[in-house]
Amino acid sequence: MNAHDSERLAGLLDEAGYQPAGDGETPDVVVFNTCAVRENAADRLYGDLGHLLPQKKKGMQIAVGGCLAQMERTRITQRAPWVDVVYGTHNMGSLPALLERARVRNEAQAEFAETLETFPSLLPARRESVYSAWVAISVGCNNTCTFCIVPSLRGKEKDRRPGDILGEIRALVADGVLEVTLLGQNVNSYGAEFGDRNAFGKLLRGCGEIEGLERVRFTSPHPRDFTDDVIDAMAQTPNVMPSLHMPLQSGSDRILKAMRRAYRRDRYLAILDRVRASIPDAAITTDVIVGFPGETEQDFEDTLDLVRQARFAGAFTFRYSIRPGTPAATMAGQVPADIVQERYERLTALVEETIYAENRKLAGATVEVLVAEGEGRKDAATHRMSGRARDNRLVHFTPDAQLPATGLPITGLPITGLPITGLPITGPSAPGAPRPGDVVTVTVTRGAPHYLLSDAAPLSVRRTRAGDAWQAAAAAQPIAAPVVPAAGTPVLLGMPARLDIDR
């Protein structure tokens, strides 16, 4: 969701006449798009602001927005008085005006609305990818999880109308997009605002009727609201992918109650069973928090036991982080840091073992991969390309430029000598070479702890409208170095943050 917000910020700055700073150039404006979920984001932000102080003295403008800005507010300019603009989560559209006002008045500007005035999707965007896009279906959250600061920073859930969402997706597909990811703090409570409890399942089915849309994903659901109609919609809608991110947080019923998660371990496991019964090849990922206040060794063992039973294809694991203003921050029984660390290491070791075992099962399987740009960090050295399988597993494969291409015709734009993730090719002389946005079918050679590997030549390469769009964009302008900022890392002139998670 932060990456999508960064695309909106980039679009706003583009519309206001800004241009991305080139490699080696010192930017005139640096925008920080921040997160407040974990404590270290603030430490990193203030460290980065300090590093920019020398450039600020030469005229650079600095803006800070996002959740941490909404939480810290004027404390940011108190601690770092050289910051020009601070804006809240509901004020994203004001960024260009605030920058201009700070220049004219030569003083810091801050703006914080308490409620959403303009749905972010109505703002312009500079999409990072031509073949894949984020689509927000809601913002805010109505849950009251005791560890989470998000509802107080993003506000109550606001839902977009289904027609607006589907209209945006159709426009994206017309631009060459093959894959969309539906975004919401709790996607399967979508529809609560306009009184339709089955709205999310209907929305998935509506996506299935959009011609040219090949892949639909969504994140994140909440187990409390996950219903059979959503499982049925996933199973019965061919372009909804067999991947599901289902946050767990804890495998202990006692801790789940203290977290106000509104489900228990048996219900969670029953959902996974129903998903796998309807979608046998589904890859399920999760979030787990270690060291929540009051967590005992038995509570932690319950979490390990559930992880073993669930057979996750991936997991994001977190040490509990106190967030001021949340009920958990003042709970008794805060777990000592050394115990949290020891449990965290045991959990991550089990998760690694589980993921590796699940990936090894796929050796010899045939998978369809949407070729990506920037997924494989070592592709240039290995001469491989990378992308995501339908179940969202990362796949590294060896391209074969001599294969016959199938699918849509090449647009004819020359890309002679253009490096595509480390592999120089030419358009007419390498008709089968895949481009980002194309689809390849490969046989998995082996499963590794974090990815699948195919050393054999692809079985097929299907050139797509998305690949054509990537090729046209690449021919029109030089490919910039990828920007991979984490929370608290500057985004030059609003360039979008990458969501580049390789776990």
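For the structure itself, look to the data block above.
Computed from a prediction, not measured in an experiment: that's the story for all the values here.

### Considerations on the nonpolar core
- Judged by nonpolar contacts, the single largest core of 56 residues is most densely connected at Ile 169, Leu 182, Phe 200 and Leu 204.
- Ignoring anything within four residues of it in the chain, the contact list for Leu 204 reads Leu 182, Val 216, Phe 218, Val 230, Ala 233, Met 234, Thr 237 and Val 240.

### Looking at the sheet that holds strand S5 (residues 132-136)
- The 3 strands are arranged S5-S8-S9 in an open sheet whose pairing can be described as parallel. The sheet terminates laterally at S5 and strand S9 (215-219), the two strands that pair on one side only. Between one strand axis and the next, the sheet turns through 25° on average, direction left out of account.
- Where strand S8 (residues 179-183) lies against S9, 5 bridges are found, and the strand directions are parallel. In the sheet register, Leu 183 faces S9, and the bridge partner there is Thr 219.

### Notes on the packing of helix H9 (residues 228-236) against helix H11 (residues 265-278)
- Look at H9 against H11: their axes get within 9 Å of each other, and the N-to-C directions meet at 25°. Classified by the interaxial angle, the pair formed by H9 and H11 is roughly parallel. In the packing of H9 onto H11, the handedness of the crossing is right-handed. Within the contact between the two elements, H9 uses Asp 228, Ile 231 and Ala 235 and H11 uses Ile 271, Arg 274, Val 275 and Ser 278.

### Side note on unusual backbone geometry
- Cis geometry is adopted by the peptide bond preceding Ser 220, which originates at Thr 219 and carries an omega value of -5°.
- Phi at Ala 262 is positive, roughly 65°, even though this residue is not glycine.
- Tracing the backbone shows Ala 262 in the loop between helix H10 (253-259) and H11.
- Residue classification places Ala 262 among the partly exposed residues on the basis of a relative accessible area of 46%.
- Of note in the backbone geometry, His 383 takes a positive phi value of approximately 60° without being a glycine.

### Brief notes about the packing of H11 against helix H12 (residues 297-310)
- At a minimum axis separation of 11 Å, H11 and H12 run at an interaxial angle of 10°. As the angle between them shows, H11 and H12 are arranged roughly parallel. In contact with Arg 265, Tyr 268, Leu 269, Leu 272 and Arg 276 of H11, H12 contributes Asp 302, Asp 305, Leu 306, Gln 309 and Ala 310.
- Its residues assigned to classes, the contact of H11 with H12 shows 5 nonpolar, 1 polar and 4 charged.

### A few points about the packing of aromatic side chains
- Under the defined criterion, the tally for this structure stands at 5 aromatic pairs.
- Ring centres 5.5 Å apart and planes at 80° place the aromatic pair Tyr 190 and Phe 194 in the edge-to-face group.
- For the ring pair Tyr 268 and Phe 312, a centre distance of 6.5 Å and an interplane angle of 65° mean the geometry is edge-to-face. Of this pair, Tyr 268 sits in helix H11 while Phe 312 sits in the loop between H12 and strand S12 (314-319), placing them 44 residues apart in sequence. Across this residue pair, the class does not change: Tyr 268 and Phe 312 are buried.
- By the ring-pair criterion, three or more aromatic residues cluster together here, those being Tyr 263, Tyr 268 and Phe 312.

### Details of the pairing of strand S13 (residues 366-371)
- Note: S13 against strand S19 (residues 439-443), 5 bridges, orientation antiparallel. Across the sheet, residue Leu 370 finds its bridge partner in S19, namely Val 439.
- Here S13 pairs with strand S14 (residues 385-389) via 3 bridges, running antiparallel. Considered in S14, the bridge of Leu 370 is made with Arg 388.

### A look at the pattern of salt bridges
- Scanning the entire structure with this criterion turns up 27 salt bridges.
- Linking Arg 346 and Glu 297 is a salt bridge whose minimum nitrogen-to-oxygen distance equals 2.7 Å. In this pair, Arg 346 sits in helix H13 (residues 337-360) while Glu 297 sits in helix H12, placing the two residues 49 residues apart along the sequence.
- Classification of Arg 346 as partly exposed rests on a relative accessible area of 26%.
- With relative accessibility at 35%, the residue Glu 297 sits in the partly exposed group.
- We note a salt bridge from Arg 393 to Asp 391, for which the minimum N-O separation is 2.6 Å. An identical accessibility class is assigned to Arg 393 and Asp 391; each is buried.
- Ionic contacts of the salt-bridge type, sharing partners, join the residues Glu 295, Glu 297, Glu 301, Glu 342, Arg 343 and Arg 346 into one network.

The rules behind each value
- Residues numbered from 1 in each chain as written.
- Predicted model: local features only at pLDDT ≥ 70, side-chain atom pairs only at ≥ 80, totals over all residues.
- Heavy atoms only, no water.
- Core = buried A, V, L, I, M, F, W, Y, C linked by side-chain atoms within 4.5 Å.
- Buried < 20%, exposed > 50% of the residue type's maximum accessible area, 1.4 Å probe, protein only.
- Contact = heavy atoms within 4.5 Å.
- Pairing = 2+ DSSP bridges.
- Helix = DSSP H or I, 4+ residues; strand = E, 2+ residues; numbered from the N terminus.
- Axes fitted to C-alpha atoms, helices over the stretch in contact; angles between N-to-C directions.
- Parallel < 35°, antiparallel > 145°, perpendicular 65-115°, else oblique.
- Left-handed = near helix turned anticlockwise from the far one by under 90°.
- Nonpolar A, V, L, I, M, F, W, Y, C, P; charged D, E, K, R; others polar.
- Phe/Tyr/Trp six-rings, centres within 6.5 Å; stacked < 30°, edge-to-face > 60°.
- Salt bridge = Lys/Arg side-chain N within 4 Å of Asp/Glu carboxyl O.

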